[in-house]
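So the chains spell out like this:
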Amino acid sequence: MPGIRDRVRDRDLLSKVVSAEEAAYLIKDGMTIACSGFTHAGYPKAVPLALSERIKNGEALSVTLWTGASVGPELDGSLAEVGAIKRRFPYQSNSVLRDKINSGWVSYVDFHLSQFPQMIRYGFLGEIDFAIIEAVAINEGGGIVPSTSVGNSPTFVKMAKRVIVEVNITQPLDLEGMHDIYVPEDPPYRREIPIYKPSDRIGLPYIPCDPEKIEAVVLSDIPDNQRPWDPIDEVSKRMGENLIDFLRFEVKRGYLPRNLLPLQSGTGSIANAVFACFLESEFEDLYVYTEVIQDSMLDLIDFGKLRFASGTALGFSPSALRRFYEGIKRYRNYIVLRPQEISNHPEVIRRLGV
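Residues numbered from 1 in each chain as written. Predicted model: local features only at pLDDT ≥ 70, side-chain atom pairs only at ≥ 80, totals over all residues. Heavy atoms only, no water.

### A few points about the environment of leucine 247
For step 1, the next point in the chain: The topology assignment puts leucine 247 in helix α9 (residues 234-252).
For step 2, the next point in the chain: If we ignore the near neighbours within four places in the chain, the residues touching leucine 247 are Leu256, Leu260, Phe278 and Phe283. (Helix = DSSP H or I, 4+ residues; strand = E, 2+ residues; numbered from the N terminus. Contact = heavy atoms within 4.5 Å.)

Here it is, written out as structure tokens:
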């Protein structure tokens with residue numbers, strides 16, 4: 001395939017490029033697989049779809065599935081529909097999977113997203129047989145460059161026995177350099193996480209991985225299944241106006257600086273709409289320290305109001321994702337993606353004053 005050497009830069013790994021079907025046959029009944037992805041961003045698609053096809057063709061197989069958070073239908077949905085998931089951690093939002101959890105067919109625990117990686121490294125939840133990670137490229141020496149999310153991928157790669165990398169050729173190589181991969185030491189060796197403002201970079205732009213650990217490389221051309229957000233209505237607009245009024249009062253009383261403290265936004269249509277109300281406010285030079293970076297943050301960048309945004313995933317609508325890719329060389333100067341262990345870490349959040 002033209003350009004494959006731009007994506008798979010370690011020559012020895014070129015011999016491990018296989019089809020999604022071949023990679024899926026590496027997964028055996030009862031295994032634990034840990035997949036990249038945080039919301040509908042940066043999750044593997046080709047291998048899970050191929051795995052579900054095996055089961056549709058009559059093979060009996062079930063796995064324990066770990067991710068960063070909820071993921072797209074090609075992963076949670078396709079495997080849940082064929083009854084391939086027996087345990088699911090740490091978070092999900094798929095309707096088919098939810099029904100199977102509520103009926104008792106799937107065992108499920110909802111973990112605090114910043115604590116889950118440490119529990120994996122401690123070994124509390126057992127071993128990872130395969131990490132399946134979506135990437136835009138693999139560097140010389142095996143370093144994995146994530147795509148549109150980081151989530152738990154660094155810990156999954158570190159702790160997995162073997163790794164399958166889905167190199168997604170629909171994701172632009174210009175995503176490279178947007179990631180800040182930092183995994184803290186575990187107690188009693190842990191030091192402070194040295195983030196003192198949202199724009200600080202403290203790690204690597206790729207996930208370290210011994211190339212010997214990479215069992216297969218799969219080329220994928222399936223884009224993220226991003227969801228459109230609802231248009232801003234009068235209710236959500238009023239919510240945003242109330243928030244702006246509250247922040248204005250806090251600044252007036254001297255409780256907040258004029259450019260506020262770093263902001264965090266939930267994910268979804270209402271949160272996106274409420275955040276958009278900063279466009280018409282007097283607030284500027286804003287910083288964001290959050291989980292998911294959404295459409296309205298691109299607007300704030302374009303209007304010169306947002307200085308920098310730190311998150312773990314890009315949660316854009318399809319139209320905003322196209323806009324982001326078209327302007328990625330500029331937008332990448334304003335955005336960093338970190339492991340969820342860092343983006344959701346209570347100590348960092350409290351110290352920054354989010």
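So that's the structure; there's more coming.
### As for the layout of surface pockets
One simple way to see leftover space: roll a probe sized like a water molecule over the atoms.
For step 1, the next point in the chain: Here the largest pocket is characterised by a volume of approximately 240 Å³.
For step 2, the next point in the chain: Leu243, Leu263, Gln264, Phe275 and Phe278 are, among the 16 residues lining the largest pocket, the residues nearest its centre.
For step 3, the next point in the chain: Taken together, the elements giving at least two residues each to the lining of the largest pocket come down to α9 and α10 (269-276).
For step 4, the next point in the chain: Here the lining of the largest pocket gets three residues from one element, more than from any other, and that element is α10.
For step 5, the next point in the chain: Class assignment for the residues of the lining of the largest pocket results in twelve nonpolar, four polar and no charged.
For step 6, the next point in the chain: Taken as a whole, the second largest pocket encloses approximately 180 Å³ of empty space.
For step 7, the next point in the chain: Looking at the lining of the second largest pocket residue by residue, the class counts come to six nonpolar, four polar and three charged. (1 Å grid on protein atoms, 1.4 Å probe; cavity = no way out; pocket = protein on both sides within 12 Å on 5 of 7 lines; lining within 4 Å. Points joined across faces, edges and corners; volume = space filled by probe spheres on them. Nonpolar A, V, L, I, M, F, W, Y, C, P; charged D, E, K, R; others polar.)

### Considerations on the nonpolar core
For step 1, the next point in the chain: Of all hydrophobic cores here, the largest spans 60 residues; its most connected members are Ile144, Phe156, Leu260, Phe278 and Phe324.
For step 2, the next point in the chain: It is strand β6 (residues 128-138) that contributes the most residues to this core, seven residues altogether.
For step 3, the next point in the chain: Look past the residues within four positions of isoleucine 144 in its chain and what remains in contact with it is Ile133, Ala135, Ala137, Val157, Val163, Val165, Tyr206, Ile207 and Cys209.
For step 4, the next point in the chain: Listed in part, the 30 residues of the second largest apolar core include Ala46, Leu51, Ile101 and Ala216. (Core = buried A, V, L, I, M, F, W, Y, C linked by side-chain atoms within 4.5 Å. Buried < 20%, exposed > 50% of the residue type's maximum accessible area, 1.4 Å probe, protein only.)

### Some details on the state of the cysteines
For step 1, the next point in the chain: Using the criterion set out here, one finds zero disulfides in the structure.
For step 2, the next point in the chain: Cysteine 35 takes part in no disulfide bond, and the closest cysteine sulfur to it belongs to cysteine 209, at a distance of 15 Å.
For step 3, the next point in the chain: Given the relative accessible area of 1%, cysteine 35 is considered buried.
For step 4, the next point in the chain: You can call cysteine 209 buried: its relative accessible area is 8%. (Disulfide = S-S within 2.5 Å.)

### So, the packing of α9 against α10
For step 1, the next point in the chain: Their axes nearest at 8 Å, the elements α9 and α10 cross at an angle of 50°. Put simply, α9 runs oblique to α10. Between α9 and α10 the crossing geometry is right-handed. Only Ile270, Ala273 and Val274 of α10 make contact with α9, whose side of the interface consists of Ser236, Met239, Gly240 and Leu243.
For step 2, the next point in the chain: The class makeup of the residues in the contact of α9 with α10 is five nonpolar, two polar and no charged. (Axes fitted to C-alpha atoms, helices over the stretch in contact; angles between N-to-C directions. Parallel < 35°, antiparallel > 145°, perpendicular 65-115°, else oblique. Left-handed = near helix turned anticlockwise from the far one by under 90°.)

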